[in-house]
Amino acid sequence: MSLEVKPMPTLTRDPVFFSYMIRLISFFAVVLFHFNVAVTQFYPNSMLIGKLSYANQTVGDMAISLFIITSGFSLEMSTRGHFNIKKYLAKRFISIYPAFWVCYILVGLFGDAANLLI
């Protein structure tokens, strides 16, 4: 039995690495944006972390767009021309549909409990 050691991909050879890094940065920007919204809701005069805007768009708005664009690029790069729409839709259905029903049932059972917290 022989072990084959593959070399680590270098940054110049792997364009998908950069898209993952951009997605990671945009993910944290979206999380920071949502954190700021939650803090502003309960503490209107508080000092916010990362309150940046450009051309009347917040960093969170731009990060969401960037995340969606880089996700599409990563999906395209991962298929490398071997895309099967039936297989893709079947995987999405299997991964999303059961979770949808779990959430639907939980909201149906405990949906009124959220009103008690307010």
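Residues numbered from 1 in each chain as written. Predicted model: local features only at pLDDT ≥ 70, side-chain atom pairs only at ≥ 80, totals over all residues. Heavy atoms only, no water.

A. Quick look at the overall build of the protein chain. Across its full length, the protein chain holds four helices and two strands. In the protein chain, buried positions account for 11% of the 118 residues. Restricting the contact set of the protein chain to residue pairs at least 6 apart, pairs at least 24 apart contribute 63%. (Helix = DSSP H or I, 4+ residues; strand = E, 2+ residues; numbered from the N terminus. Buried < 20%, exposed > 50% of the residue type's maximum accessible area, 1.4 Å probe, protein only. Contact = heavy atoms within 4.5 Å.)

B. Geometry of helix α3 (residues 85-110). Over its 26 residues, α3 extends 37 Å from the first C-alpha to the last, a length consistent with the 38 Å expected when each residue adds 1.5 Å. Near the N-terminus of α3, the side chain that reaches the backbone nitrogen of Lys86, with its oxygen 3.2 Å away, is that of Asn84. (Expected span 1.5 Å × (residues − 1). Polar contact = N/O pair within 3.5 Å; in protein donor to acceptor, adjacent residues only side chain to side chain.)

C. Looking closely at the packing of aromatic side chains. Applying the stated criterion across every chain, the model contains seven aromatic pairs. Residues Tyr97 and Phe100 carry aromatic rings whose centres are separated by 6.4 Å and whose planes lie at 25° to one another, so their mutual orientation is stacked. Of the two residues, Tyr97 and Phe100 both sit in helix α3, three residues apart, roughly one turn of that helix. According to the relative accessible area criterion, Tyr97 is partly exposed, its value standing at 39%. (Phe/Tyr/Trp six-rings, centres within 6.5 Å; stacked < 30°, edge-to-face > 60°.)

D. How the structure looks around the side chain of Ser26. By secondary structure assignment, the location of Ser26 is in helix α1 (residues 15-42). Those residues in contact with Ser26 that lie beyond four places of it in its chain are Ala63, Leu66 and Phe67.

E. A look at the side chain of Thr70. Mapped onto the secondary structure, Thr70 falls in helix α2 (residues 59-79). The exposure class of Thr70 is buried, given its relative accessible area of 7%. Only 2.9 Å separates the side chain of Thr70 from the backbone oxygen of Leu66, close enough to count as a polar contact.

F. Molecular detail of the confidence of the model for the protein chain. On average, residues of the protein chain score 78 in pLDDT, and 76% of them reach the 70 mark or higher. Across the protein chain, element-level confidence peaks in α3 with a mean pLDDT of 90 and bottoms out in helix α4 (residues 113-117) with 58. (pLDDT = per-residue confidence, 0-100.)

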